[in-house]
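Understanding the architecture of this molecule
Read off the chains here:
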Amino acid sequence: VQLQASGGGLVQAGDSLSLSCAASGGTFATYAVGWSRQAPGKGREFVGAISRSGGSTFYADSVEGRFTISRGSAKKTVYLQMNKLQPEDTAVYYCAADRTFHNLVVVDMTRIENWGQGTQVTVSS
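These figures come from a predicted structure and were not determined experimentally.

**Some details on the sheet that holds strand β3 (residues 17-24)**
Strand order in the open sheet formed by four strands is β1-β3-β8-β7, with antiparallel pairing between adjacent strands. Taken across any chain shown, the strands that pair with only one partner, and hence form the sheet edges, are β1 (2-6) and β7 (67-71). Neighbour-to-neighbour, the strand axes of this sheet turn through a mean angle of 15°, independent of strand direction. Judged from the five bridges that link them, β7 and strand β8 (residues 77-82) form a sheet pairing that is antiparallel. Of the residues in β8, the one forming a bridge with Ser-70 is Tyr-79.

So, in structure tokens, the structure goes:
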């Protein structure tokens, strides 16, 4: 499955932004989907993930209560709604799809099957 992430941009602290991860070329509904991010000079960091059915989500402590992941009704897109953004949320955000939820949570770069290209999110103070 091919993934296309979009929706990044420049916002001010406290603002909201919604990212999209659109899938093509495969059965997206059979994959769990995760979001991770990478700030300059830092490693890839888990943000959140959603199960194949959309019934379960899991978030990093740093975004819990501010970010929400959901699956679109057409099962072709996963969204990352980001509220109350802070400068420390500045990073390139990546979506990924894998049949194993755990791989997404630990951001196992050697096992995750599908990655989208990153989308830049910049939060100014």
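There is more to say, and it comes next.
**Here's the deal with the side chain of Ser-51**
Positionally, Ser-51 belongs in the loop between β5 (45-50) and β6 (57-59). By relative accessible area, Ser-51 is classed as buried at 14%. If near-sequence neighbours (up to four positions away) are discounted, Ser-51 is found in contact with Ala-32, Ser-56, Arg-71 and Phe-101.

**Examining the pattern of salt bridges**
Side chains that carry opposite charge are capable of pairing whenever their charged atoms lie near each other. One pass over the structure, following the stated rule, counts five salt bridges. Two residues, Asp-89 and Arg-37, come together in a salt bridge whose shortest N-O distance is 2.9 Å. Here Arg-37 lies in strand β4 (residues 32-38) and Asp-89 lies in the loop between β8 and β9 (91-98), a separation of 52 residues in the sequence. The burial state of Asp-89 is the same as that of Arg-37; both residues are buried. Asp-89 is the partner of Arg-66 in a salt bridge, and the nearest nitrogen-oxygen pair spans 2.8 Å.

About the thresholds
- Residues numbered from 1 in each chain as written.
- Predicted model: local features only at pLDDT ≥ 70, side-chain atom pairs only at ≥ 80, totals over all residues.
- Heavy atoms only, no water.
- Pairing = 2+ DSSP bridges.
- Helix = DSSP H or I, 4+ residues; strand = E, 2+ residues; numbered from the N terminus.
- Axes fitted to C-alpha atoms, helices over the stretch in contact; angles between N-to-C directions.
- Buried < 20%, exposed > 50% of the residue type's maximum accessible area, 1.4 Å probe, protein only.
- Contact = heavy atoms within 4.5 Å.
- Salt bridge = Lys/Arg side-chain N within 4 Å of Asp/Glu carboxyl O.

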